[in-house]
Amino acid sequence: MLLPIAATTSAVDSMKQIPPATWLKLGIGIAAFIIVIVVLRKIARMNKIVLGVIVFVVVTVVFFSWVYNRNEPKWMTPIVQRIAPFFPSAGSYSQKQQSNPKP
């Protein structure tokens, strides 16, 4: 009766098997989330229109940087693949310069 209980690993043993790099990334993610919440609470005291414009500009710059350099996160790849053909990319200018001009 006690054999199945003794054979199972405890949560602490399972956590010891997780690599330190994973714990570091998790800690950085939690710290970044807390910092974002604190900063947003401070910014939320300002005019909502100004806050909306700032957020829109930051999101737009980051998104178009991902589209131009194609270094988006994996979860954004399907969206960026559909939008990328309509915008220039980092290698498109050099490819056009290397091709022969059309008569």
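Residues numbered from 1 in each chain as written. Predicted model: local features only at pLDDT ≥ 70, side-chain atom pairs only at ≥ 80, totals over all residues. Heavy atoms only, no water.

1. Observations regarding the overall build of the protein chain
So, step 1. Looking only at helices and strands, one finds six helices and zero strands in the protein chain.
So, step 2. The order of α-helices and β-strands along the protein chain, N terminus first, is α-α-α-α-α-α.
So, step 3. Across the 103 residues of the protein chain, 7% fall into the buried class. (Helix = DSSP H or I, 4+ residues; strand = E, 2+ residues; numbered from the N terminus. Buried < 20%, exposed > 50% of the residue type's maximum accessible area, 1.4 Å probe, protein only.)

2. Quick look at the packing of aromatic side chains
So, step 1. The tally for this structure, following the rule as stated, stands at three aromatic pairs.
So, step 2. Each ring, one from Phe63 and one from Phe64, has its centre 5.6 Å from the other, and the planes form 75 degrees; the classification is edge-to-face.
So, step 3. Centre to centre, the rings of Phe64 and Phe87 are 5.0 Å apart; their planes meet at 70 degrees, and the pair counts as edge-to-face. With Phe64 in helix α4 (residues 48-69) and Phe87 in the loop between α5 (77-83) and α6 (92-98), this pair connects stretches of sequence that are 23 residues apart. (Phe/Tyr/Trp six-rings, centres within 6.5 Å; stacked < 30°, edge-to-face > 60°.)

3. Quick notes on the side chain of Glu72
So, step 1. Locating Glu72 in the fold gives a position in the loop between α4 and α5.
So, step 2. In this structure the side chain of Glu72 is engaged in a polar contact, spanning 3.2 Å, whose partner is the side chain of Thr77.
So, step 3. Apart from residues lying up to four places away in sequence, Glu72 is in contact with Trp66, Thr77 and Val80. (Polar contact = N/O pair within 3.5 Å; in protein donor to acceptor, adjacent residues only side chain to side chain. Contact = heavy atoms within 4.5 Å.)

4. Quick notes on the layout of surface pockets
So, step 1. There is about 190 Å³ of room inside the largest pocket.
So, step 2. Forming the boundary of the largest pocket are Leu40, Ile43, Leu51, Ile54, Val55, Val58, Val59, Val62, Phe63 and Trp66.
So, step 3. Looking at the lining of the largest pocket, the elements that each hand over two or more residues are α3 (20-43) and α4.
So, step 4. In terms of residue count, the dominant contributor to the lining of the largest pocket is α4 (eight residues).
So, step 5. Across the lining of the largest pocket, the residue classes tally to 10 nonpolar, no polar and no charged. (1 Å grid on protein atoms, 1.4 Å probe; cavity = no way out; pocket = protein on both sides within 12 Å on 5 of 7 lines; lining within 4 Å. Points joined across faces, edges and corners; volume = space filled by probe spheres on them. Nonpolar A, V, L, I, M, F, W, Y, C, P; charged D, E, K, R; others polar.)

5. Brief notes about α4
So, step 1. Taking 1.5 Å as the rise per residue, α4 with 22 residues should run 32 Å; its terminal C-alpha atoms sit 31 Å apart, in good agreement.
So, step 2. Considered for burial, the residues of α4 that qualify are Leu51, Phe63 and Val67. The buried residues of α4 occupy an angular sector of 125 degrees when projected down its axis, which confines them to one face.
So, step 3. Of the surrounding secondary structure, the elements contacted by the buried residues of α4 are α3 and α5.
So, step 4. The N-terminus of α4 is capped by Asn47, whose side-chain oxygen sits 3.2 Å from the backbone nitrogen of Ile49.
So, step 5. Where α4 ends, the next residue or the one after it, Arg70, has phi of about 55 degrees, a positive value. (Expected span 1.5 Å × (residues − 1). Arc of directions from axis to C-beta.)

6. Brief notes about the nonpolar core
So, step 1. If you look at the biggest cluster of nonpolar residues, it comprises five residues: Phe63, Val67, Met76, Val80 and Ala84.
So, step 2. Not counting residues within four places of it along the chain, the set of residues in contact with Val67 comprises Val80, Ala84 and Phe87. (Core = buried A, V, L, I, M, F, W, Y, C linked by side-chain atoms within 4.5 Å.)

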